Amino acid sequence: MNQLTVIQPEAAAASGCSCCATPAAEATEAVAAEPKETIVSENVTTAVYTVSGMTCGHCVNSVTEEVGAIDGVRNVDVVLETGEVTVTSAAPLTVEAVQAAVDEAGYTLVH
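In what follows, the accompanying structure is described.

## What about the overall build of the protein?
Phase 1: Counting its secondary structure elements, the protein contains 3 helices and 5 strands.
Phase 2: Secondary structure elements of the protein, listed N to C terminal, follow the sequence α-β-β-α-β-β-α-β.
Phase 3: The burial tally for the protein puts 40% of its 111 residues in the buried class.
Phase 4: Counted over contacts in the protein with a minimum sequence separation of 6, partners at least 24 positions apart contribute 68%.

## Overview of the pairing of strand β3 (residues 73–79)
Phase 1: Alignment of β3 against strand β4 (residues 84–89), held across 6 bridges, turns out to be antiparallel. Paired with V78 across the two strands is V85, which belongs to β4.
Phase 2: What sits between β3 and β4 in their antiparallel hairpin is a turn of 4 residues, with G83 showing a positive phi close to 75 degrees.

## Looking at the pairing of β4
It is a general feature of regular strands that their side chains alternate between the two faces of the sheet.
Phase 1: Among the 6 residues in β4, 5 count as buried, and that is most of the element.
Phase 2: Bridging between strand β2 (residues 44–52) and β4 involves 6 bridges; their strand directions are antiparallel. Opposite T45, over in β4, you have S89 as the bridge partner.

## Some thoughts on helix α2 (residues 57–68)
Phase 1: If you check α2, its first and last C-alpha atoms are 16 Å apart, about what 12 residues at 1.5 Å a residue would give, namely 16 Å.
Phase 2: For α2, the full list of buried residues reads G57, C59, V60, S62, V63, T64, V67 and G68.

## Quick look at the nonpolar core
Phase 1: Grouped together as the largest cluster of nonpolar side chains are 24 residues, with contacts concentrated most on V51, M54, V63, V67 and Y107.
Phase 2: Of all elements in the fold, only β2, α2, β3, β4 and α3 (95–105) reach the threshold of two or more residues within this core.
Phase 3: It is α3 that provides the largest number of residues to this core, a total of 5 residues.

## Quick notes on the environment of A69
Phase 1: By secondary structure assignment, the location of A69 is in the loop between α2 and β3.
Phase 2: For the pair A69 and A101, spaced 32 residues apart in the sequence, the C-alpha separation amounts to 8.1 Å.

Calculation rules
Residues numbered from 1 in each chain as written. Predicted model: local features only at pLDDT ≥ 70, side-chain atom pairs only at ≥ 80, totals over all residues. Heavy atoms only, no water. Helix = DSSP H or I, 4+ residues; strand = E, 2+ residues; numbered from the N terminus. Buried < 20%, exposed > 50% of the residue type's maximum accessible area, 1.4 Å probe, protein only. Contact = heavy atoms within 4.5 Å. Pairing = 2+ DSSP bridges. Expected span 1.5 Å × (residues − 1). Core = buried A, V, L, I, M, F, W, Y, C linked by side-chain atoms within 4.5 Å.

What follows is the structure, given as structure tokens:
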């Protein structure tokens, strides 16, 4: 079973954010960047991505849920203030898979 961890600042609890007011973030052309990837052991890889457009805890939860659903993902940590998304997986993920998950959540994977 995947373990998903959400890191949220106190400010994320504020209401009235843009994601809660509209069904999805505004569409922008995403430029996928190569993640900072670290092989922790033979069976675990950690990669760090940056996601733009997140403004609250709901945004963090959406990205965490979608990225966490990628096959092989063991853990997802999202830092709202920086947009940093750290993904621990059984094997390296393709940027395309992560981008598709972030797009599905309504946000943009950036470099």
